[in-house]
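Structural overview
Here is how the chains run, residue by residue.
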Amino acid sequence: MPTGARYLRYILFAFFTLACFYFYSSSSSGLQTRTGTLNEQSSLYPSGVQGITPKPTGGVPLPEADGIRVNATFVTLARNHDVWEIARSIRQVEDRFNRNYHYDWVFLNDQPFDDTFKKVTSALVSGNTKYGLIPKEHWSFPEWIDEKKAAQVRKEMSEKKIIYGDSISYRHMCRYESGFFFRHPLMLDYEWYWRVEPSIELFCDISEDPFKFMADNGKKYSFTLSLYEYEETIPTLWKSAKKFMSEHPEHIAEDNTMAFLSDDNGETYNRCHFWSNFEVGSLNWLRSPAYIDYFTSLDKDGGFFYERWGDAPVHSIAAALMLKKDEIHFFNNIAYYHVPFTHCPTGEKTRLDLKCHCNPSDNFDWKGYSCTSRFFDAVGMKKPEGYEDEK
Ligand SMILES: Nc1nc2c(ncn2[C@@H]2O[C@H](COP(=O)(O)OP(=O)(O)OP(=O)(O)O)[C@@H](O)[C@H]2O)c(=O)[nH]1
Ligand SMILES: [Mg+2]
């Protein structure tokens, strides 16, 4: 064959390949554009759903998820101005874990998320991102609350300089995290959640999927840090919890972790709680009649507004009373920071294997103000080797 004709055939072949490639890529970006348009037309979504952004297809190729994933999502409650602080958290979660798994991420807000928030977060998350608006009735005073009385409490707490004592929005936030986030329409698609707050840090690789670990091992609630609650924020919380216990004995687990909460077999509360700014847990448990009865009972007692009950003691009391001991898990392997406390795994081998960059002497677990030691005692677990050196 003459050389010129061969070249012509090569050129035609290259042109045809390029044309196919162009057709394919422009049709898939067309799909993205359609989705983008859909995102803006919130009327097409069920109420409370502001938009869904599929995982990014452009840019550097993502590593494939290794192994089987479970039906789980990250969830973050945030305001638009939290964007750069949550961006830092997402980047760490992605680098240490989710880049290999691509789990979705649900963002919830009492105000519509703005374009910057959506653009920045959807670019960072390797899974789908979903943006939800919180319905007004989940973020306002319920009709049984006397707002004048609540305002008086805020004034008094502010005078006493109790942290967030004067804040209305902080109270709505604590009530929402206690009783509603898991019922948002976007969360109904999932069985497991991992709560992430702005400005957290992860210090080690997460080598095992925590969602799958929970599912495979019959766990329903987990924590990395625990501590004592401020007494002034919860003066009647235990009274309310005891009322619930006497009205609903059917919801109390036989093999519970009361010993974590109380030093006198339930008479008084020792204020120990799991720190809920980190949680991996079962949404089905939170949506169960037991938990809903518990939240409804507490909510009617009014302490979210007449005091300043935090979602951390509320979740913790529920987990310790209504779950079996072995359904609560302490993640030693997840090294975590939320101002001002650090959980750095106890055990040098773990820290080296997981490429941790935390200083073990910052580990809060075995210090005086932590309740983790009590948790180990309450569930009969042996404390890890080396814990005495970290006291
Ligand atoms: N949409 C929305 N989110 C809020 C509001 N207040 C707090 N949040 C979010 O709720 C979560 C808990 O609030 P934080 O302000 O972190 O409360 P905290 O952890 O007790 O206190 P810090 O020590 O300040 O972090 C975070 O994810 C916040 O972004 C609010 O008014 N609206
Ligand atoms: Mg926080």
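Residues numbered from 1 in each chain as written. Chains lettered and ligands numbered in written order. Predicted model: local features only at pLDDT ≥ 70, side-chain atom pairs only at ≥ 80, totals over all residues. Heavy atoms only, no water.

Summed over all chains, the structure comprises 3 disulfides. Linked covalently through their sulfurs, C272 and C371 form a disulfide whose S-S length is 2.1 Å. Here the disulfide of C272 and C371 is left-handed, its torsion about the S-S bond being about -80°. Of the two residues, C272 is situated in strand β9 (residues 272-274) and C371 in the loop between α13 (348-353) and α14 (372-379); the sequence distance between them amounts to 99 residues. Accessibility classification places C272 together with C371 in one group, the buried group. Numbered in order of appearance, the disulfide-bonded cysteines of the protein chain are paired 1-4, 2-6, 3-5. (Disulfide = S-S within 2.5 Å. Helix = DSSP H or I, 4+ residues; strand = E, 2+ residues; numbered from the N terminus. Buried < 20%, exposed > 50% of the residue type's maximum accessible area, 1.4 Å probe, protein only.)

Here we take up the pairing of strand β10 (residues 279-282). Neither face of β10 is exposed, since E279 and G281 on one face and V280 and S282 on the opposite face are all buried. As defined by bridge partners, strand β5 (residues 192-195) adjoins β10 across 4 bridges and the pair is classed as antiparallel. Across the sheet, residue W194 finds its bridge partner in β10, namely V280. (Pairing = 2+ DSSP bridges.)

All right, on to the coordination of the magnesium ion (ligand 2) then. Around the magnesium ion (ligand 2), the protein contributes the donor atoms E197 (OE) and H338 (NE2), which lie 1.9 to 2.2 Å from the metal centre. With E197 in the loop between β5 and β6 (201-202) and H338 in strand β12 (residues 336-338), this residue pair connects regions lying 141 residues apart in the sequence. Taken as a pair, E197 and H338 share a single burial class, namely buried. (Donors = N, O, S within 2.8 Å, 3.2 Å for Na, K, Ca; no water.)

Now for the site of ligand 1. The local shell around ligand 1 holds 14 residues, among which L77, D110, Y164, Y170 and E197 are the closest. At 2.6 Å from an oxygen atom of ligand 1 is found a main-chain nitrogen or oxygen belonging to L77. Separating a nitrogen atom of ligand 1 from a backbone N or O atom of A78 is a distance of 3.0 Å. Coverage of ligand 1 by the protein amounts to 82% of the 630 Å² it exposes when considered alone. Element by element, the count of residues in the shell around ligand 1 is highest for helix α5 (residues 168-179), at 3 residues. (Near = heavy atom within 4 Å. Polar contact = N/O pair within 3.5 Å; in protein donor to acceptor, adjacent residues only side chain to side chain. Areas by Shrake-Rupley, 256 points an atom, 1.4 Å probe, with all protein chains shown as cover.)

In the contact formed by helix α2 (residues 83-96) and helix α3 (residues 115-124), the axes pass within 9 Å of each other and the chain directions differ by 10°. With respect to their mutual orientation, α2 and α3 come out roughly parallel. Mapping the contact onto sequence places V83, W84, I86, A87, I90, R91 and E94 in α2 and T116, F117, V120, T121 and L124 in α3. Of the residues assigned to the contact of α2 with α3, the class counts are 8 nonpolar, 2 polar and 2 charged. (Axes fitted to C-alpha atoms, helices over the stretch in contact; angles between N-to-C directions. Parallel < 35°, antiparallel > 145°, perpendicular 65-115°, else oblique. Contact = heavy atoms within 4.5 Å. Nonpolar A, V, L, I, M, F, W, Y, C, P; charged D, E, K, R; others polar.)

Take the sheet that holds strand β13 (residues 341-343) next. Within a beta sheet, neighbouring strands are joined by backbone hydrogen bonds and run either parallel or antiparallel to one another. The strand order across the open sheet formed by 3 strands is β6-β12-β13, and the pairing between neighbours is antiparallel. Taken across any chain shown, the strands that pair with only one partner, and hence form the sheet edges, are β6 and β13. As defined by bridge partners, β12 adjoins β13 across 3 bridges and the pair is classed as antiparallel. Note on β13: the bridge partner recorded for H338 is F341.

Further remarks concern the environment of S167. Structurally, the position occupied by S167 is in the loop between α4 (147-159) and α5. A distance of 2.9 Å separates the side chain of S167 from the backbone nitrogen of Y170, its partner in a polar contact.

Time to look at the environment of P313. Looking at the secondary structure, you find P313 in helix α12 (residues 311-322). A relative accessible area of 0% places P313 in the buried class. Considered as a pair, P313 and L237 are 76 residues apart in the sequence and their alpha carbons are 8.7 Å apart. Excluding anything up to four places from it in sequence, P313 contacts E229, I234, L237, Y269, H273 and Y294.

Take the UniProt feature "active site" (unreviewed entry) in the protein chain next. Here the UniProt feature "active site" (unreviewed entry) sits at E279. Position of E279 relative to the elements: it lies in strand β10. Once you skip the residues sitting within four places of it in the chain, E279 turns out to touch Y193, W194, R195, Y221, S222 and H315. (UniProt positions renumbered as here; feature names shortened; annotations may be inferred.)

Our next topic: the nonpolar core. Counting 65 residues, the largest nonpolar core has F181, Y291, Y294, I317 and F375 as its most contacted members. Per-element accounting of this core gives the leading share, 7 residues, to α12. Among residues more than four places away in sequence, those in contact with F375 are F223, T257, F260, F274, I328, F330 and M381. (Core = buried A, V, L, I, M, F, W, Y, C linked by side-chain atoms within 4.5 Å.)

We now examine helix α7 (residues 237-247). Of the residues making up α7, those classed as buried are L237, W238, S240, A241, F244 and M245. Seen from one end, α7 has its buried residues packed into an arc of 160°, which puts them on one side. The exposed set on the far side of α7, more than 90 degrees from its buried face, consists of K239 and S246. The secondary structure elements touched by the buried residues of α7 are α8 (258-261), α10 (289-301) and α12. (Arc of directions from axis to C-beta.)

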